[in-house]
Amino acid sequence: MVLSWLAANPRSAPKHGYGAAQRAVIDPDRVPDVGALLGDKDGDKHGPTPLYSLPALARRLGVGEVRVKDESQRFGFGAFKALGGVFAVHEYVTANKAQLPAGLVFTTASSGNHGRAVALGAQSVGAACTIFLPKFTSAEKEAAIRARGAAVIRVDGDYEAAVAQCRLQAEEKGWIIVSDTSWEGYEQTPRDVMRGYTQLADEIVRQWKAGPTHVFVQAGVGGLAAAVIGYLWAKMAHRPVFVVVEPASADCWFQSNRAGKPALASGNAETAMGGLACREISPLTWPVLGLGADWFMTIEEDQVMPARRLFAHPLDDDAPIASGPSGCAGLAGLTRVCTEEAAFKALHLDGRSRVLLINSEGNLGEATV
Ligand SMILES: Cc1ncc(COP(=O)(O)O)c(C=O)c1O
């Protein structure tokens, strides 16, 4: 099958068990309770997010079931990212209890959501925080980070430029980086961030007895996809088909799959899907995604708004879901596959398929849909 936007992973070996190389990245047996770290003053707010079933959408797409894990309702925070940033800050504090400096400052580069999560984590342990944002991050996201008590430094460049600035200044000032992406010699904290994300995958397994046959998960650097794929691969008796979805201009995983090793995106990562606007993968995640995802696909910018609208104004009695541009990317991917017969067949989708999507962020006031 030749489609420019869909590629099988020649290294994926579904029959192989979840091995030591994968377990070193995502440990499915150490799922944290991140809500508990934030205290219970907000009551039920820290419980599991809903897993909605959308039967009318499933009928329209020709599959048996579509379920959506709705992270727009995570902790009243509005995105799955809260799980990673908050957990990684707490892990750092616990591991370094004996030698925490008086003026502890946490920092990270972020396209918006991760920065807000680290700001929330820092606030919850009484530490200061400075977030580096690329040029494209919306004013709403910047305001939300400042509202968590963090300082913001705008970088005149993209996400990778923000990462470079953050590393430079952290080194100079002795700030602690809580990054969701990894680099050589910097892996423990990104691993903790992903450990936080495993909580959502664990909730899915508890909420859905039969579990999915197909998973469409969006990727920026790959942390979310690694946590979801790793956890489900390790825990489910029948491994689902895993499909990684990216914007066409930020296709670093699509290109890495083609190259057989970490590779740069083919485009400049200019996309409405800010959370996915990455030109480089997190190398730490390679053993799970590079060796474990079954398919990689891209979506176009003009597929984002229709997917957001479909979530917000659903068919028949399906539940309405508020999503942001990165949140609906899995749905945009599923819709693309289901409207292209060759792709639908290649993924072995049919009327019995049970599809999992993750609405990774809510509508943070960016645009009405
Ligand atoms: C809403 C949203 N979805 C998905 C992602 C992708 O996560 P990752 O970079 O771990 O692949 C992000 C990352 O910032 C995000 O903010």
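Residues numbered from 1 in each chain as written. Predicted model: local features only at pLDDT ≥ 70, side-chain atom pairs only at ≥ 80, totals over all residues. Heavy atoms only, no water.

Here we take up the pairing of strand 10 (residues 295-299). Burial runs high along strand 10: five of the five residues are buried. Burial along strand 10 is two-sided: Trp295, Met297 and Ile299 and Phe296 and Thr298, pointing in opposite directions, are all buried. Here strand 1 (residues 6-8) runs beside strand 10; their pairing, made up of three bridges, is antiparallel. Its bridge partner lying in strand 10, Ala8 is registered against Trp295. Judged from the five bridges that link them, strand 9 (residues 241-247) and strand 10 form a sheet pairing that is parallel. In the strand pairing of strand 10, Val245 is matched with Met297. (Buried < 20%, exposed > 50% of the residue type's maximum accessible area, 1.4 Å probe, protein only. Helix = DSSP H or I, 4+ residues; strand = E, 2+ residues; numbered from the N terminus. Pairing = 2+ DSSP bridges.)

Our next topic: the sheet that holds strand 4 (residues 105-109). Reading across from one edge, 6-5-4-7 is the order of the four strands in this open sheet, with parallel pairing throughout. Strands at the two margins of the open sheet, each flanked by one partner only, are strand 6 (151-154) and strand 7 (176-177). By the bridge criterion, four bridges tie strand 5 (residues 128-133) to strand 6 in an arrangement that is parallel. Bridge pairing in strand 6 links Phe132 to Ile153.

This brings us to the environment of Lys15. Looking at where Lys15 falls in the secondary structure, it is placed in the loop between strand 1 and helix 1 (20-23). Taking the C-alpha atoms as reference, Lys15 lies 33 Å from Glu361; in sequence the two are 346 residues apart.

Taken together, 14 residues lie around the ligand, and Asn113, Gly220, Gly222, Gly223 and Ser360 are the ones closest in. In the environment of the ligand, an oxygen atom lies 3.0 Å from a nitrogen or oxygen atom belonging to the backbone of Val221. Here a nitrogen atom of the ligand and a side-chain polar atom of Ser360 are 2.7 Å apart. For the ligand, whose accessible area on its own is 390 Å², the fraction buried by protein is 98%. Among the residues forming the shell around the ligand, the class breakdown is five nonpolar, seven polar and two charged. (Near = heavy atom within 4 Å. Polar contact = N/O pair within 3.5 Å; in protein donor to acceptor, adjacent residues only side chain to side chain. Areas by Shrake-Rupley, 256 points an atom, 1.4 Å probe, with all protein chains shown as cover. Nonpolar A, V, L, I, M, F, W, Y, C, P; charged D, E, K, R; others polar.)

Orientation of helix 4 (residues 81-95) relative to helix 5 (residues 113-125), taken along the N-to-C sense of each, is 40°, at an axis distance of 7 Å. Relative to helix 5, the element helix 4 is oriented oblique. As for how helix 4 packs across helix 5, the hand of that crossing is right-handed. Every residue of helix 5 that contacts helix 4 at Lys81, Ala82, Gly85, Val86, Val89, His90 and Val93 is listed here: Asn113, His114, Ala117, Val118, Leu120, Gly121, Ala122, Ser124 and Val125. Here the residues of the contact of helix 4 with helix 5 sort into nine nonpolar, six polar and one charged. (Axes fitted to C-alpha atoms, helices over the stretch in contact; angles between N-to-C directions. Parallel < 35°, antiparallel > 145°, perpendicular 65-115°, else oblique. Left-handed = near helix turned anticlockwise from the far one by under 90°. Contact = heavy atoms within 4.5 Å.)

Taken as a whole and assessed by the stated rule, the structure comprises 21 salt bridges. Residues Lys345 and Glu341 are paired through a salt bridge, measuring 3.0 Å at the closest nitrogen-oxygen approach. Pair noted here: Lys345 and Glu341 are both in helix 14 (residues 341-346), with a separation of four residues, about one helical turn. The burial state of Lys345 is the same as that of Glu341; both residues are exposed. Across the salt bridge formed by Asp350 and Arg352, the nearest N and O atoms sit 2.7 Å from each other. Exposure remark for Asp350: the relative accessible area of 26% places this residue in the partly exposed category. (Salt bridge = Lys/Arg side-chain N within 4 Å of Asp/Glu carboxyl O.)

Bringing the packing of helix 8 (residues 188-207) against helix 9 (residues 223-235) into the picture now. Relative orientation of the contacting elements helix 8 and helix 9 amounts to 45°, with a least axis distance of 8 Å. One finds that helix 8 runs oblique with respect to helix 9. The handedness of the crossing between helix 8 and helix 9 is right-handed. Within the contact between the two elements, helix 8 uses Met194, Tyr197, Thr198, Leu200, Ala201, Asp202 and Val205 and helix 9 uses Gly223, Leu224, Ala226, Ala227, Val228, Tyr231 and Leu232. Residues belonging to the contact of helix 8 with helix 9 are distributed by class as follows: 11 nonpolar, two polar and one charged.

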